[in-house]
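# Observations on chain architecture
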Amino acid sequence: MSIFFVDPDISLANTLHTDFYNDPAVFGFARQNIFGPSWQYIGDVNLLRDPGHCYPFVFMEQFIEEPLVLVKDQQSNIRCLSNVCTHRAAVLVNEPCKLSQLRCRYHGRTFALDGKFQRMPEFEGVKNFPSPQDDLAELPLFRWGNMLFSSLQTGSGHLPFFGDMMKRIGWLPLDEFVYRPELSKYYFIKANWALYCENYLEGFHIPFVHAGLNTVIDYGSYTTELFPWSSLQLATAKEGETCFDLPPSCPDHGKNIAAYYFFVYPNIMFNFYPWGLSVNLVKPLTVHTCKVTFLTYVWKDALYNTGAGANLHTVEMEDEAVVESVQKGVRSRFYRHGRYSPAREQGTHHFHRMLSGVLGQFM
């Protein structure tokens, strides 16, 4: 049995073995087998305002480092393409720009804005040319409101990961949520990426770590719901605190919901508040460090920074201190596993089970 086995019965299970947080070989395995096929946030639709606009980026920069480019073609379709020329692997687009075609500056190979090969000088006499492998790879693209997501696994579907969340808050007008870069932040954490996710996935620590947040939510009614590749923590507001005005079509109509905390495996948090949305991206950097980005989408300015969605920087600092402490602890020679609270740590157990399913292949 793999050392990373996590029993499906939470009342029997041990937490993930500490080698996951400390072994560089496991970290490299996770890079390819957990994050390689994953869906990741790649940008906002407003990066591409007109046909011909191109926006180059790197998929999980400083971790996976795959060069990609977002393109709005002449029919206003947004595509996510490989940004590497199929001739000699030169990067095609180096900065945001407006183009009628993609042209490699190395040897002049050109591609249409849908990634299809167009022409190549000095290739007369080449047999079996061009072929489909001369086209740029097109990656799956999922647009939700103004947010764009993609995966390096061609043919991958987004619904197993996002579908349960979309169904639950489908009443929200996400097209009205506006990305506010001046309100967005990023943090460098001295801890393994999974420790940060584990901390997010349980409300158990709220009364002990987040005094401010604990004054506005009802910890006693805090619940966790599990889905195949995601989970939801539902926070109810205390009397008089800011909460959603839920329509009758919402499954939670009649409740004073302060926040919807959705987690999408393996590393994205969607925190919906009455004022809008904070998307948290957890990107591994090294086995013992990660970068956490807070992307702010505002829906109702008048409610911004109120209720459970207030003082997010303070909450982050409190989480950061705890997670970095745990990183020191999981290096201890006296610690290998812990146990779970069946009442409060269902989300963390669920996360560990998903990781364990992949780690069973680790040799």
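Values in this document were obtained by computation on a predicted structure and should not be read as measured data.

## Remarks on the sheet that holds strand β7 (residues 110-111)
Strand order in this open sheet of 3 strands is β6-β7-β8, and the pairing throughout is antiparallel. The open sheet is flanked by β6 (102-103) and β8 (117-119), the only strands paired with a single partner.

## Quick notes on the pairing of strand β4 (residues 78-82)
In summary, the side chains of a regular strand alternate between the two faces of the sheet. The element β4 is largely enclosed, with a buried count of 5 among its 5 residues. Pairing analysis gives 5 bridges linking strand β3 (residues 66-72) to β4, with the strands arranged antiparallel. Following the sheet pairing, V71 is matched in β4 by R79. The turn joining β3 and β4, which pair antiparallel and follow one another in sequence, is formed by 5 residues; a positive phi near 65° is taken by S76. Two strands pair when backbone bridges link them, and β4 and strand β9 (residues 138-139) are joined in this way by 2 bridges, in the antiparallel orientation. Across the sheet, C80 pairs through a bridge with L139, a residue of β9.

## Points about the side chain of S82
Relative to the helices and strands, S82 resides in strand β4. Judged by its relative accessible area of 13%, S82 is buried. A distance of 3.3 Å separates a polar atom in the side chain of S82 from the backbone nitrogen of V84. The contact partners of S82, leaving out residues within four places of it in the chain, are P67, L68, V69, L136 and A137.

## Overview of the packing of helix α4 (residues 193-200) against helix α7 (residues 312-329)
In contact at an axis separation of 10 Å, α4 and α7 are set at 125° when each is read in the N-to-C sense. In terms of orientation, α4 lies oblique with respect to α7. As for the relative orientation of α4 and α7, their crossing is right-handed in sense. Contacts from L195, Y196 and N199 in α4 reach E316, D319, V322, V323, V326 and Q327 in α7.

## Structural notes on the packing of helix α2 (residues 24-35) against helix α8 (residues 346-359)
Viewed as axis vectors pointing N to C, α2 and α8 meet at an angle of 95°, and their least axial separation amounts to 11 Å. Between α2 and α8, the interaxial angle falls into the category roughly perpendicular. Where α2 approaches α8, its residues V26, F29, N33 and I34 are matched on the opposing element by L355, V358 and L359. Its residues assigned to classes, the contact of α2 with α8 comprises 6 nonpolar, 1 polar and no charged.

## Quick look at the environment of Q74
Inspection of the secondary structure puts Q74 in the loop between β3 and β4. Taking the relative accessible area as the measure of exposure, Q74 reaches 49% and is therefore partly exposed. For the pair Q74 and S221, spaced 147 residues apart in sequence, the C-alpha to C-alpha distance is 51 Å. Apart from residues no more than four positions distant in its own chain, Q74 is found in contact with P51, G52, L99 and L113.

Reading the values: the criteria
Residues numbered from 1 in each chain as written. Predicted model: local features only at pLDDT ≥ 70, side-chain atom pairs only at ≥ 80, totals over all residues. Heavy atoms only, no water. Pairing = 2+ DSSP bridges. Helix = DSSP H or I, 4+ residues; strand = E, 2+ residues; numbered from the N terminus. Buried < 20%, exposed > 50% of the residue type's maximum accessible area, 1.4 Å probe, protein only. Polar contact = N/O pair within 3.5 Å; in protein donor to acceptor, adjacent residues only side chain to side chain. Contact = heavy atoms within 4.5 Å. Axes fitted to C-alpha atoms, helices over the stretch in contact; angles between N-to-C directions. Parallel < 35°, antiparallel > 145°, perpendicular 65-115°, else oblique. Left-handed = near helix turned anticlockwise from the far one by under 90°. Nonpolar A, V, L, I, M, F, W, Y, C, P; charged D, E, K, R; others polar.

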